[in-house]
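Each chain is listed here by its residues.
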Amino acid sequence: TDLKALGGALAGGSASNATVVASEPAAPKRILWVDDNPKNNALEMAWLRDRGIQIDEALSTQDGIFVFEPGKYALVITDMYRPERVGNPQAGVELLEALRLTDPNVKVIAYCATVSARRYGKQFIAAGGKAVTSDPLDLLEKVNQYLPQN
């Protein structure tokens, strides 16, 4: 399956099957991805874009809040730690809380380092997050689960 091919590429195998395809502005599925270092997620983003999912990127919590509009995104993906204010290990939780003030039904997934997932995962879920993961295959399964199927 595609998930297995991506898993092999992420595990150090060939990434030749992952191709970045520019998304059209009218893509029916749209994700806001908030991460201060988006190249860490390049393969995952390429896999999603290759399947017709438009991804808008924000590099900070503040930028993510600024571009977010209710109904504009089917899903938000955030990392947990960003070097805002001399390092903020709970930036993902803060982003989630801020977005839920604007849209209480927003679906947010944290995709972060294992240590952050263990340390702040329960807090993220308690704040209304849908999932916390550090595994790329699990992330893609969660995206499939929470994106509308058309």
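Visitor: Sorry if this is basic, but what is going on with the overall build of the protein here?
Guide: From N to C terminus, the protein includes 6 helices and 5 strands. Along its sequence from the N terminus, the protein presents helices and strands in the succession α-β-α-β-α-β-α-β-α-β-α. Residues counted as buried form 45% of the 150 residues belonging to the protein.

Visitor: Looking at this structure, I do not really get helix α6 (residues 136–146). What am I missing?
Guide: An α-helical turn contains 3.6 residues, so a residue and the one three or four places further along point in the same direction. Within the span of α6, buried status applies to Pro136, Leu139, Leu140, Val143 and Tyr146. In an axial view of α6, the angular spread of the buried residues amounts to 135°, which keeps them on one side of the axis. Two or three places before Leu137, at the opening of α6, Asp135 has a side-chain oxygen 3.1 Å from that residue's backbone nitrogen.

Visitor: I would appreciate a short explanation of the side chain of Ser116 in the present structure.
Guide: By secondary structure assignment, the location of Ser116 is in helix α5 (residues 114–126). Dropping the residues within four chain positions of it, Ser116 is found in contact with Met80, Tyr81 and Gly121.

Visitor: For this particular structure, what's the right way to read the sheet that holds strand β5 (residues 131–133)?
Guide: By way of backbone hydrogen bonds, the strands of a sheet pair with one another, either parallel or antiparallel. Strand order in this open sheet of 5 strands is β2-β1-β3-β4-β5, and the pairing throughout is parallel. Looking at strand neighbours, the two that pair on one side only are β2 (53–58) and β5, the edges of this open sheet. Averaged over neighbouring strand pairs, the angle between their axes works out to 20° when direction is ignored. Where strand β1 (residues 29–34) meets strand β3 (residues 75–78), 4 bridges bridge the pair, whose relative direction is parallel. The residue bridging Leu32 from the neighbouring strand is Val76, located in β3. Strands β1, β3 and β4 (108–111) of the sheet are contacted by helix α4 (residues 91–102), whose axis makes an angle of about 155° with β3. Here α5 sits on the sheet in contact with β3, β4 and β5, set at roughly 170° to β5.

Visitor: How should I be thinking about the nonpolar core in this particular structure?
Guide: Nonpolar side chains in soluble globular proteins tend to end up buried together. Ranked by internal contacts, the top residues of the largest apolar core, which has 19 residues, are Leu32, Phe68, Val76, Met80, Leu99, Val108 and Phe124. Residue assignment for this core shows that the elements contributing at least two residues are β1, α4, β4 and α5.

Visitor: Looking at this structure, I do not really get the packing of helix α2 (residues 42–49) against α6. What am I missing?
Guide: If you want to describe how two helices pack, look at the angle between their axes and the distance between the axes. Packing of α2 against α6 leaves a shortest axis separation of 11 Å and a crossing angle of 30°. Considering how the two elements wind past one another, α2 and α6 form a crossing that is right-handed. Between α2 and α6, the contacting residues are Glu44, Trp47 and Leu48 on the first element and Pro136, Leu139, Leu140, Val143 and Asn144 on the second.

Visitor: Could you clarify how one ought to interpret the side chain of Asn41 in this entry?
Guide: The residue Asn41 is located in the loop between β1 and α2 in this model. Contact partners of Asn41, with chain neighbours within four places excluded, come to Trp33, Asp35 and Tyr111.

About the thresholds
Residues numbered from 1 in each chain as written. Predicted model: local features only at pLDDT ≥ 70, side-chain atom pairs only at ≥ 80, totals over all residues. Heavy atoms only, no water. Helix = DSSP H or I, 4+ residues; strand = E, 2+ residues; numbered from the N terminus. Buried < 20%, exposed > 50% of the residue type's maximum accessible area, 1.4 Å probe, protein only. Arc of directions from axis to C-beta. Polar contact = N/O pair within 3.5 Å; in protein donor to acceptor, adjacent residues only side chain to side chain. Contact = heavy atoms within 4.5 Å. Pairing = 2+ DSSP bridges. Axes fitted to C-alpha atoms, helices over the stretch in contact; angles between N-to-C directions. Core = buried A, V, L, I, M, F, W, Y, C linked by side-chain atoms within 4.5 Å. Left-handed = near helix turned anticlockwise from the far one by under 90°.

Read these as layout, nothing more, since geometry by itself doesn't imply function.
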